Amino acid sequence: QVQLVESGGGLVQAGGSLKLSCAVSRRPFSGYAMGWFRQAPGKEREFVATISASGLSTGYADSVKGRFIISRDNGKNTVYLQMNSLKPEDSAVYYCAARRSGFTSISSSEFDSWGQGTQVTVSS
């Protein structure tokens, strides 16, 4: 089965940048669409970004559009989330997820495998 491991989280000041990585154990993972979701304390898990298996299609939540970039390197079996101009409201545990269909989705219920999450904290 697919195993996903996130890394790259940490503490950053508002306006700064972080780049998250998600390594996928199933190789190659080129057939999977990928997504990033986040969950803050006391909040529901929310969609952040998604990318198709080919990498040609992407989608973003309105709250991060223009600031975050999702990408993938199928040769390295890794998906990335470049986060720029970070705001305190971006603070959350960030999860990567894989979808077997290969198509982008904004719904967490449509993803099949999940990582354990990585903490991102943005200070004001």
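We now turn to the structure provided with this report. For clarity, every value in this text was computed on a predicted model and none was experimentally measured.

1. Points about the overall build of the chain
The helix and strand inventory of the chain stands at zero helices and eleven strands. Helices and strands in the chain line up, N terminus first, as β-β-β-β-β-β-β-β-β-β-β. A globule of 124 residues ought to have a C-alpha radius of gyration of about 14 Å, and the chain, at 13 Å, matches this closely. Each principal axis of the C-alpha atoms in the chain carries an extent, and together these give about 40 × 25 × 25 Å. For the chain, the residues scored as buried account for 45% of the 124 residues in total. In the chain, once contacts between residues fewer than 6 apart in sequence are set aside, the share between residues at least 24 apart is 58%. With the model as given, the accessible surface of the chain reaches about 6,300 Å², and the carbon-plus-sulfur share is 46%.

2. Thoughts on unusual backbone geometry
For Asn77, which is not glycine, the phi torsion reads 55 degrees and is therefore positive. Structurally, the position occupied by Asn77 is in the loop between β7 (68-73) and β8 (78-83).

3. A few points about the side chain of Arg38
Looking at the element boundaries, Arg38 is found in strand β4 (residues 33-39). At 2.7 Å, the side chain of Arg38 forms a polar contact with the side chain of Glu46. A polar contact is formed between the side chain of Arg38 and the side chain of Tyr94, at a distance of 2.8 Å. Not counting chain neighbours up to four residues away, the residues in contact with Arg38 comprise Glu44, Arg45, Glu46, Val48, Ser63, Val64, Phe68, Glu89, Asp90, Ala92, Val93 and Tyr94.

4. What to know about the state of the cysteines
By definition, a disulfide links the sulfur atoms of two cysteine residues through a covalent bond. This model, assessed by the stated rule, comprises one disulfide. What pairs with Cys22 in a disulfide is Cys96, and their sulfur atoms sit 1.9 Å apart. Taking the sign of the S-S torsion, 55 degrees for the link of Cys22 and Cys96, the bridge is right-handed. Taken together, the positions of Cys22 in strand β3 (residues 18-24) and Cys96 in strand β9 (residues 92-99) put the pair 74 residues apart, joining distant regions of the chain.

5. Comments concerning the sheet that holds strand β1 (residues 4-7)
Across the sheet, which stays open at both edges, the four strands sit in the order β1-β3-β8-β7 with antiparallel pairing between neighbours. A strand with exactly one partner marks an edge of an open sheet, and here the two such strands are β1 and β7. Going across the sheet, the axis of each strand differs from the next one's by a mean of 15 degrees, ignoring polarity.

6. Structural notes on the nonpolar core
Of all hydrophobic cores here, the largest spans 32 residues; its most connected members are Met34, Trp36, Leu81, Met83 and Tyr94. Taken together, the elements giving at least two residues each to this core come down to β3, β4, β5 (46-51), β7, β8, β9 and β11 (118-123). Examining the composition of this core, we find that five residues originate from one element, β9, more than from any other. With sequence-adjacent residues up to four places away left out, Leu81 is seen in contact with Leu18, Lys19, Leu20, Trp36, Val48, Ala49, Phe68, Ile69, Ile70 and Tyr94.

7. Details of the pairing of β3
Burial analysis of β3 places five of its seven residues in the buried class, which makes it a mostly covered element. Of the pairings in the sheet, the one linking β1 to β3 comprises four bridges and is antiparallel in character. Within β3, the position partnered with Leu4 by the bridge is Val24. The pairing of β3 with β8 spans six bridges and is antiparallel. Residue pairing in the sheet places Leu18 in a bridge with Met83 of β8.

8. Considerations on the environment of Thr118
Topologically, Thr118 is positioned in strand β11. Considered as a pair, Thr118 and Gly9 are 109 residues apart in the sequence and their alpha carbons are 5.4 Å apart. Those residues in contact with Thr118 that lie beyond four places of it in its chain are Glu6, Ser7, Gly8, Gly9, Leu20, Ala92, Val93 and Tyr94. Engagement of the side chain of Thr118 in a polar contact is seen with the backbone nitrogen of Gly9, the distance being 3.3 Å.

Calculation criteria
- Residues numbered from 1 in each chain as written.
- Predicted model: local features only at pLDDT ≥ 70, side-chain atom pairs only at ≥ 80, totals over all residues.
- Heavy atoms only, no water.
- Helix = DSSP H or I, 4+ residues; strand = E, 2+ residues; numbered from the N terminus.
- Rg over C-alpha atoms; globule rule 2.2 N^0.38 Å.
- Buried < 20%, exposed > 50% of the residue type's maximum accessible area, 1.4 Å probe, protein only.
- Contact = heavy atoms within 4.5 Å.
- Areas by Shrake-Rupley, 256 points an atom, 1.4 Å probe, with all protein chains shown as cover.
- Polar contact = N/O pair within 3.5 Å; in protein donor to acceptor, adjacent residues only side chain to side chain.
- Disulfide = S-S within 2.5 Å.
- Pairing = 2+ DSSP bridges.
- Axes fitted to C-alpha atoms, helices over the stretch in contact; angles between N-to-C directions.
- Core = buried A, V, L, I, M, F, W, Y, C linked by side-chain atoms within 4.5 Å.

The analysis is restricted to geometry; functional conclusions fall outside its scope.
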